[in-house]
Amino acid sequence: MSNETSKSPASAPEQGMTVTGIHKNLPVLPVRDTVLFPHAVLPLTVGRESSVQLINSLGDEKQIIVVAQREARVDSPVPTDLFAIGTLATVHKVVKMPNQSLFVFTEGEERVRITNYGQLTPYLRADSEALAESHIDKTPEIEALQRNVLTLFQQIVSGSPTLSEELQTVAMSIDEPGRLADFVAASLPSLATKDKQEILETSDVRVRMERINRHLAKELEVQLLRSKIQTEVQDQVQQTQREYYLREQMKAIQKELGESDEGQRDVEDLRKKIEAAGMPEEVKKEALKELSRLSRMSPAAGDYSLTRNYIEWLAVLPWSKSSGGEVDIVKAKDILDEDHYDLQKVKDRILDYLSVRRLKPAMKGPILCFVGPPGVGKTSLGRSIARSLGRKFVRLSLGGVHDEAEIRGHRRTYIGALPGQIIQNIRRAETNDPVFMLDEVDKLGRDFRGDPASALLETLDPEQNFSFRDNYLDVPFDLSKVMFICTANMLDPVPEPLRDRMEIIELQGYSEEEKLHIANRYLVPRQTEENGVTAEQIEFPEDAIRFLIRHYTREAGVRNLERTIGTVCRKQARRIAEGKPEKLVVTRDVVQEFLGGIKVRVDTEVAERTKRSGVAVGLAWTPAGGDVLFIEANKMKGKGGFTMTGQIGQVMQESMQAALTWVRSNARELGINEDMFKELDLHIHVPAGAIPKDGPSAGVTMATALVSLLTDRRVRPHLAMTGEITLSGNVLPVGGIKEKVLAAKRAGVTDVILPSENRQNVEEDLDAPQLEGVKVHYAESIAEVLSLALPQTKEDERQCEEERERVLTSAH
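What you see is a predicted model; the values in this text were computed from it and never measured.

Chemist: Report on the overall build of the protein, specifying residues and quantitative values.
Modeler: Check the secondary structure of the protein and you find 30 helices and 25 strands. Against the globule reference of 28 Å for 812 residues, the protein gives a C-alpha radius of gyration of 52 Å, more extended than a compact globule. Evaluated residue by residue, the protein yields a buried proportion of 47% over its 812 residues. Taking as baseline every contact in the protein between residues at least 6 positions apart, the subset at least 24 positions apart corresponds to 74%. When the accessible surface of the protein is totalled, it reaches about 40,600 Å², and 49% of it is carbon and sulfur. Across the protein, the mean location of the 106 positive side-chain charges is 2 Å away from that of the 124 negative side-chain charges.

Encoded structure:
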């Protein structure tokens, strides 16, 4: 036994506790995670060698001091590792365990403070002071605290599966508040060692009661929450078990009836579809992986239907199914000619493609873009091409589409996700090489959801679209065999990268002769059939159709013409329904009776508008085809001002300025008094005022109008012109020649002035029937234009006036 001594780390008397006695040299038993309270019986397991020696050394003197360790991890505690206040305890019984440890029953007697350690080895011995609680009056506050503690403790015991009901009885039999607090603290297994030690060290009974009250309230709240969670979990488990048992019963019933599991049958059906789809190896691997996931899922799972839909999409796509077959070039040509009149450039391009495909079957599909005014047959030409190729035809209208996901689809993570329209239409076609028409590609929108035009770049590039990856499928699909055909009314809104990927084929408007052929061959038979009228009940002579074309429609295509023919057919259908079955031969009078007065006075408008000097006729290109454009100039007294009106753009305004500059700089050669510009204000107007106009092609027309005004010579009655002007008086080439010439012909113009450099366009784009009745003049300078547009002699002027009067008189 060592004679070493050590002072306790906390030897000051606890405030509120009275020292009632001193205990000399008693063994000290350190315990981990345990606090022994006075009047409490606590079984302790003693396993440390020093503690076993301590218990074995006890003789008749069975008293020891039980003190809690500050840190439970310390195996060989020294005085600084122990709390200063512990409990004097009596050892009632010691039981030896098979593993050499001891099971010791101790009973706490009173609180003690260790004052001095007299021995440290082989076990601790120390002197201590017995601490007695000061007497406390049982005030209403203490009574209330005591009752509250008792009630909370009873609730906790009742709700806990681990605490014995006897604890309630014992607690109710304790009258002293301090002793009740100690008993409750000792009985609560959830109370931390630190908190128990704090209660042991608390001298003031009221404070001790308040602390235990707080701990009880917290414990009750935790217990209620635990109970609620347990109930919820139990309900879920019961529901899951119920579903499981029911499902197992259903399986057993199906087995007895000889029916296989629905989910398993689904999986097998999908497996067969995957095997039959002819997928590439990479795609098949992905499909089988998803199918494996599906087979392990419960049909009631949230992801089941999503995964099943995805696999179905993969299985139904035409991975290897082609239209195939040898294409007969002659037969294809006959089909194209049968469905559409003229359009020779387009037909030649399609037949070229078919010829190359015969020599090289694995070639990639071309990407064509038909550009032209409405009603010239762009969309119907796509159907005709599909028929001539023997392929399926699918059409996607891009007008107003402004979401990139419409093209590429949504990712599978989104609710209700689907593949994009490209893949959806391929599925509808059921082949991997249909004719795919992307209608109105110039009317694509864009907003915060993306740019569909950019999404089309991959689709319409033969170098990329062999591995087109839809967001939903997320596997590559080969689009290189698809023949894409885009249509547009104008190319300006189409982004340059997208335009670069397409082969542009322009479809110009039709002449009057072409419209006559189209009406006789296609429009009249179609409209008579659609309106229930037979060829024996109505007849459209050539003169009547010309009258309709000339005076009731002014368009590049034939859509309005077909509409007016349909109106005449419906009027005849109504007559037949009213009991007048006689055949109707459509004449000019019949047309005026059915459709009202003449809508377009093309024959006389040019002659009538040019009756006064200062008016010239220009030619304009529009998305709906060509049209005539009147340029009007006027003068008034002023100080040399120049006004331009008619909702004209910046380029057109600059053309007007250039025309005026040229006229002023060449005034002497033109016979115009140079001082006149100082005394006059000039005004150029371009009707109609509500329609926006722009472009440089009306430059020569403006110069002609100004010269006509200032020299008081009227422009020839059947003449129109187009061309860009320079300050030096040169005439530069312009675009849209075919549309402009056809517009001039529709308006009754017989002479057209064009820039010399546009001669090639006329020879390539216009044939003899289209130029019939129209004389084309070519000019390199504005001087040549003026010599053609304005009468040069008095005799010439008189002949022009006679011609104008003849036209106007015959019209009335």
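Chemist: Tell me about the environment of alanine 720, and please be specific about residues and values.
Modeler: You can see alanine 720 is positioned in strand 21 (residues 719–721). A relative accessible area of 0% places alanine 720 in the buried class.

Chemist: Residues and numbers for the nonpolar core, please.
Modeler: Core analysis: the biggest nonpolar cluster contains 53 residues, and Leu314, Trp319, Phe436, Leu438, Val441, Leu456 and Leu460 have the highest contact counts within it. Among the elements that make up this core, the one with the highest residue count is helix 9 (residues 304–316) (six residues). Sequence-distant contacts of valine 441, defined by excluding residues within four places in its chain, comprise Leu398, Leu456, Cys486, Thr487, Ala488, Val494 and Leu498. Counting 50 residues, the second largest nonpolar core, distinct from the first, contains Leu351, Val524, Val558 and Leu595.

Chemist: Explain the pairing of strand 5 (residues 85–96) residue by residue, including any values.
Modeler: Relative to strand 5, strand 4 (residues 63–68) runs antiparallel, the two being bridged by four bridges. Among the inter-strand pairings, isoleucine 65 is bridged to a residue of strand 5, identified as leucine 88. Taken together, the 11 bridges between strand 5 and strand 6 (residues 102–119) define a ladder with antiparallel strand orientation. Bridge assignment links threonine 90 to a residue of strand 6, and that residue is glutamate 107.

Chemist: Explain the packing of aromatic side chains residue by residue, including any values.
Modeler: Within this structure, the stated rule accounts for seven aromatic pairs. Plain terms: the ring middles of phenylalanine 153 and phenylalanine 183 are 6.2 Å apart, the flat faces sit at 75 degrees to each other, and that makes the pair edge-to-face. A residue pair is termed long-range when its members are at least 10 positions apart, and phenylalanine 153 in helix 2 (residues 140–159) and phenylalanine 183 in helix 4 (residues 177–187) qualify at 30 residues. Under the relative-accessibility criterion, phenylalanine 183 is labelled buried at 18%. Just above the ring of tyrosine 310 sits the side chain of arginine 412; from NZ or CZ to the centre is 3.7 Å. Taking NZ or CZ as reference, arginine 427 lies 4.4 Å from the ring centre of tryptophan 313, over its face.

Chemist: So, the state of the cysteines: which residues are in play, and what are the values?
Modeler: Tallied over the entire structure, the rule returns zero disulfides. No disulfide involves cysteine 369; its nearest neighbouring cysteine sulfur is the one of cysteine 486, lying 5.4 Å away. Owing to a relative accessible area of 0%, cysteine 486 belongs among the buried residues under this scheme.

Chemist: Can you break down helix 1 (residues 49–56) residue by residue, with the values?
Modeler: Burial in helix 1 covers these residues: Ser51, Val52, Leu54 and Ile55. End-on, the buried residues of helix 1 take up no more than an arc of 155 degrees, which puts them together on one face.

Chemist: How would you sum up unusual backbone geometry? Please name residues and give values.
Modeler: Here threonine 121 and proline 122 are connected by a cis peptide whose omega angle stands at -5 degrees. In this structure, aspartate 33 is a non-glycine residue whose phi angle is positive, near 50 degrees. Within the secondary structure, aspartate 33 sits in the loop between strand 2 (17–31) and strand 3 (41–46). A positive phi is found at glutamate 440, a non-glycine position, where the angle reads about 55 degrees. Mapped onto the fold, glutamate 440 is located in the loop between strand 10 (435–439) and helix 15 (452–459).

Chemist: Mind laying out the packing of helix 8 (residues 281–296) against helix 9, listing which residues take part and the relevant values?
Modeler: Relative orientation of the contacting elements helix 8 and helix 9 amounts to 155 degrees, with a least axis distance of 10 Å. Put simply, helix 8 runs roughly antiparallel to helix 9. Relative to helix 9, the crossing made by helix 8 is left-handed. In this structure, helix 8 uses Val283, Glu286, Ala287, Glu290, Leu291, Arg293 and Leu294 to contact helix 9, whose residues at the interface are Tyr304, Thr307, Arg308, Tyr310, Ile311 and Leu314. For the contact of helix 8 with helix 9, a count of residues per class yields eight nonpolar, one polar and four charged.

Chemist: I'd like a description of the sheet that holds strand 14 (residues 503–506), backed by residues and values.
Modeler: Strand order in the open sheet formed by five strands is 9-10-13-8-14, and the pairing between neighbours is parallel. Edge positions in the open sheet fall to strand 9 (393–397) and strand 14, since each of these has one partner strand only. If you compare each strand with its neighbour and ignore which way they point, the axes differ by 20 degrees on average. Of the strands in this sheet, strand 8 (367–371), strand 9, strand 10 and strand 13 (483–488) are in contact with helix 12 (residues 378–389), which crosses strand 10 at around 175 degrees.

Chemist: Could you give me a rundown of the side chain of serine 160, with the residues and numbers involved?
Modeler: Mapped onto the elements of the fold, serine 160 is located in the loop between helix 2 and helix 3 (166–172). Among the polar contacts listed, one links the side chain of serine 160 to the side chain of threonine 162, at a separation of 3.0 Å.

Chemist: Just give me the short version of the pattern of salt bridges, but keep the residues and values in it.
Modeler: Two side chains bearing opposite charge may form a pair once their charged atoms approach each other closely. For the coordinates displayed, the defined rule picks out 33 salt bridges. In this structure, the salt-bridge partner of arginine 349 is glutamate 503, at a minimum N-O distance of 2.6 Å. With arginine 349 in helix 11 (residues 344–359) and glutamate 503 in strand 14, the pair connects residues that are 154 residues apart, well separated along the chain. Notably, a salt bridge pairs aspartate 474 with arginine 469, separated by 3.8 Å at the nearest N-O pair. Note on arginine 469: relative accessible area 36%, which makes it partly exposed. Each of Arg111, Asp182 and Arg208 takes part in one network of salt bridges that share partners.

Rules behind the numbers
Residues numbered from 1 in each chain as written. Predicted model: local features only at pLDDT ≥ 70, side-chain atom pairs only at ≥ 80, totals over all residues. Heavy atoms only, no water. Helix = DSSP H or I, 4+ residues; strand = E, 2+ residues; numbered from the N terminus. Rg over C-alpha atoms; globule rule 2.2 N^0.38 Å. Buried < 20%, exposed > 50% of the residue type's maximum accessible area, 1.4 Å probe, protein only. Contact = heavy atoms within 4.5 Å. Areas by Shrake-Rupley, 256 points an atom, 1.4 Å probe, with all protein chains shown as cover. Lys, Arg positive; Asp, Glu negative; His and termini not counted. Charge placed at Lys NZ, Arg CZ, Asp CG, Glu CD. Core = buried A, V, L, I, M, F, W, Y, C linked by side-chain atoms within 4.5 Å. Pairing = 2+ DSSP bridges. Phe/Tyr/Trp six-rings, centres within 6.5 Å; stacked < 30°, edge-to-face > 60°. Lys NZ or Arg CZ within 6 Å of the ring centre and 35° of its normal. Disulfide = S-S within 2.5 Å. Arc of directions from axis to C-beta. Axes fitted to C-alpha atoms, helices over the stretch in contact; angles between N-to-C directions. Parallel < 35°, antiparallel > 145°, perpendicular 65-115°, else oblique. Left-handed = near helix turned anticlockwise from the far one by under 90°. Nonpolar A, V, L, I, M, F, W, Y, C, P; charged D, E, K, R; others polar. Polar contact = N/O pair within 3.5 Å; in protein donor to acceptor, adjacent residues only side chain to side chain. Salt bridge = Lys/Arg side-chain N within 4 Å of Asp/Glu carboxyl O.

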